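Here is what each chain is made of, one letter per residue.
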Amino acid sequence: PESLLCNSITFLAIDQMNRACDGTDPNRLDTRIKNTLASLNLKAAERAIDLADASSALSHVRFGLQFVGDTGWSLCYEICLRLHEAACLANYLNSSPDEVLKHFEEIINHATKFEDKIKANCIMIKSSASGNIKGAINSAFIILNQLGESFPSVATPEDIQNAIAS
């Protein structure tokens, strides 16, 4: 119960800070304050996702992204990456495939390492599977291939038998 109270108070405090800053030009804030507020909103968004509260998660992501601004990828890469990952996941949970795609593309265009793209790729595969299972499977094979796992384009009974035996 005590951790639940702390979580509730933390959410309330972050919400109050967001309300106080809403409508304020983020450029007027000190960079350290913006980064702290973005980080707090990231934690709140991730916690909201854990609680299956996509709406709250999206609100925290929106504020977090406002605080990192246009220079987020260069100044606070990890926070920006995780905010966009949270946005992908929350929009997936909220059944908003266009928004999933928007944040997925942001990650693909700015992530500097393949490993930083894996989570977004997994969410994108899940999101596209509901409307295009064949496309989702092909995307999964492409990612697995990039990870060093190869699959024949057409599996013969011999391929299947060899895979089971190994």
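Summary of the structure given here. (Residues numbered from 1 in each chain as written. Predicted model: local features only at pLDDT ≥ 70, side-chain atom pairs only at ≥ 80, totals over all residues. Heavy atoms only, no water.)

## Observations regarding the environment of leucine 101
- The residue leucine 101 is located in helix α6 (residues 97-110) in this model.
- Sequence separation between leucine 101 and aspartate 116 is 15 residues; the distance between their C-alpha atoms is 16 Å. (Helix = DSSP H or I, 4+ residues; strand = E, 2+ residues; numbered from the N terminus.)

## Some points on the packing of helix α2 (residues 31-50) against helix α3 (residues 54-68)
- The interhelical angle for the contact between α2 and α3, taken along N-to-C directions, is 160°, at an axis separation of 8 Å. In this view, α2 runs roughly antiparallel relative to α3, as classed from their interaxial angle. Here the hand of the crossing between α2 and α3 comes out left-handed. Across from Lys34, Leu37, Ala38, Asn41, Ala44, Ala45, Ala48 and Ile49 in α2, the residues of α3 making contact are Ser56, Ala57, His60, Val61, Phe63, Gly64, Phe67 and Val68. (Axes fitted to C-alpha atoms, helices over the stretch in contact; angles between N-to-C directions. Parallel < 35°, antiparallel > 145°, perpendicular 65-115°, else oblique. Left-handed = near helix turned anticlockwise from the far one by under 90°. Contact = heavy atoms within 4.5 Å.)

## A closer look at helix α7 (residues 118-129)
- Look at α7: 16 Å from first C-alpha to last across 12 residues, which is about the 16 Å you get at 1.5 Å a residue.
- Those residues of α7 that sit buried are Ala120, Asn121, Ile123, Met124, Ile125 and Ser127.
- Those residues of α7 that are buried lie in contact with α5 (77-93), α6 and α8 (133-146). (Expected span 1.5 Å × (residues − 1). Buried < 20%, exposed > 50% of the residue type's maximum accessible area, 1.4 Å probe, protein only.)

## Quick look at the packing of aromatic side chains
- Per the stated rule, a full pass over the model turns up 1 aromatic pair.
- When the ring centre of phenylalanine 63 is taken as origin, the NZ or CZ atom of arginine 62, which lies over that ring, is 4.5 Å away. (Phe/Tyr/Trp six-rings, centres within 6.5 Å; stacked < 30°, edge-to-face > 60°. Lys NZ or Arg CZ within 6 Å of the ring centre and 35° of its normal.)

## Details of the pattern of salt bridges
- With the rule as written, the count across this model stands at 3 salt bridges.
- Here arginine 32 makes a salt bridge to aspartate 30, at a shortest N to O gap of 3.6 Å.
- We classify arginine 32 as exposed; its relative accessible area is 65%.
- Here glutamate 46 and arginine 82 are joined by a salt bridge, their closest N and O atoms 2.7 Å apart. Taken together, the residues glutamate 46 in helix α2 and arginine 82 in helix α5 connect sequence positions 36 residues apart. (Salt bridge = Lys/Arg side-chain N within 4 Å of Asp/Glu carboxyl O.)

Note that every value here comes from positions in space, so none of it alone points to a role or purpose.
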